[in-house]
Amino acid sequence: FWFASCLLGIVTVAPLLVGIGEVVRQLPPRRELVDSVVGILMLAALCAFVISLPQGPWSTAVPVMLVFPVLLWVIVRCRPVFAAAAVFVVALAIVWSITFSVGHFGDASVPLLDRILAAQTVVLAGALLTLVLAALFAERRRDQASMQKSERKLRELLGALPAAIYV
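Rules behind the numbers
Residues numbered from 1 in each chain as written. Predicted model: local features only at pLDDT ≥ 70, side-chain atom pairs only at ≥ 80, totals over all residues. Heavy atoms only, no water. Axes fitted to C-alpha atoms, helices over the stretch in contact; angles between N-to-C directions. Helix = DSSP H or I, 4+ residues; strand = E, 2+ residues; numbered from the N terminus. Parallel < 35°, antiparallel > 145°, perpendicular 65-115°, else oblique. Left-handed = near helix turned anticlockwise from the far one by under 90°. Contact = heavy atoms within 4.5 Å. Nonpolar A, V, L, I, M, F, W, Y, C, P; charged D, E, K, R; others polar. Buried < 20%, exposed > 50% of the residue type's maximum accessible area, 1.4 Å probe, protein only. 1 Å grid on protein atoms, 1.4 Å probe; cavity = no way out; pocket = protein on both sides within 12 Å on 5 of 7 lines; lining within 4 Å. Points joined across faces, edges and corners; volume = space filled by probe spheres on them. Patch = residues over 30% accessible without salt bridge, like charges linked within 9 Å, V, L, I, M, F, W, Y side chains within 5 Å. Areas by Shrake-Rupley, 256 points an atom, 1.4 Å probe, with all protein chains shown as cover. Salt bridge = Lys/Arg side-chain N within 4 Å of Asp/Glu carboxyl O. Core = buried A, V, L, I, M, F, W, Y, C linked by side-chain atoms within 4.5 Å.

Caption draft 1: Focus on the packing of helix α3 (residues 61–77) against helix α4 (residues 80–99). Relative orientation of the contacting elements α3 and α4 amounts to 155°, with a least axis distance of 8 Å. Classified by the angle between their axes, α3 and α4 sit roughly antiparallel to one another. In terms of crossing hand, the pair formed by α3 and α4 is right-handed. On α4, the residues that touch V67, L71, V74 and I75 of α3 are F82, A83, A86 and V90. Along the lines of polarity and charge, the residues of the contact of α3 with α4 split into eight nonpolar, no polar and no charged.

Caption draft 2: Spatial organisation of the environment of A135. If you trace the backbone, A135 turns up in helix α5 (residues 112–166). With relative accessibility at 42%, the residue A135 sits in the partly exposed group. Considering only alpha carbons, one finds A135 and P80, 55 residues apart in sequence, at a separation of 6.5 Å.

Caption draft 3: Focus on the layout of surface pockets. Each pocket or cavity is described by its volume, and for the largest pocket that value is around 640 Å³. In this structure, the largest pocket is lined by 30 residues; those nearest its centre are P63, V64, V90, I94 and V122. Within the residue set of the lining of the largest pocket, elements represented by two or more residues are α2 (30–52), α3, α4 and α5. The dominant element in the lining of the largest pocket, judged by the number of residues it contributes, is α5, at seven residues. Residues that form the lining of the largest pocket fall into these classes: 23 nonpolar, seven polar and no charged.

Caption draft 4: Spatial organisation of a nonpolar patch on the surface. Residues V64, F68, L72, V76 and L129 make up a contiguous nonpolar surface patch of roughly 380 Å² in combined accessible area. Among the elements that line the nonpolar patch, the one with the most residues is α3, at four residues. Checked against the element boundaries, F68 lands in helix α3. For F68, a relative accessible area of 34% gives the class partly exposed.

Caption draft 5: Summary view of the environment of A127. Mapped onto the fold, A127 is located in helix α5. Linking A127 and T12, residues 115 residues apart in sequence, is a C-alpha distance of 6.6 Å. With residues near it in sequence (within four places) discarded, A127 still touches V11, T12 and V87.

Caption draft 6: Summary view of the pattern of salt bridges. Within this structure, the stated rule accounts for four salt bridges. Among the ionic pairs, R31 bridges to D35, the shortest N-O distance being 3.0 Å. Note that R31 and D35 are positioned in helix α2 at a spacing of four residues, about one turn of the helix. The class of R31 is partly exposed, set by a relative accessible area of 48%. With a relative accessible area of 11%, D35 lands in the buried category. It is possible to trace a salt-bridge network through shared partners that takes in R31, D35 and R77.

Caption draft 7: Representation of the nonpolar core in the model. Among the nonpolar cores identified, the biggest contains 31 residues, and L43, V67, F82, V90 and I94 are the most heavily contacted of them. Of all the secondary structure elements, the ones that give two or more residues to this core are α1 (2–25), α2, α3, α4 and α5. In terms of residue count, the dominant contributor to this core is α4 (12 residues). With near-sequence residues (within four places) excluded, V67 lies in contact with L43, L46, C47, V50 and V90.

Structure (structure tokens):
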């Protein structure tokens, strides 16, 4: 369990630290910053709400239905650093739930090792899914910006073509 815990720490914290370094060098546009802060705050509030829900047969599906759309929104609209911050918030909520025996992962009727394994699985799967999707959307945005730049250059060239033909 120690290896898995260290791996989860690396998977959830390292992308956030690397991304913070990138954001410090190149600040995001105001719209993206507002979107990301709102998304991460909504995610934190939803995590707190989900943890506070009483146990029931629906307690495994409702967290995914509530948290995943907001997580996806942050992934699609913002840079990967904000997706890493969202993963960190979700992981922190799950660890908090186990530590203070609250919510689904704090259920005392389930053995502690099983709860830890379930939490590690959820955090690892969520982190990998989020980070892979964030990388794909970042690459898509980068490709789109590159295409727009080359299209702009082509339009400038075609705009100058009549003058070159005349000369």
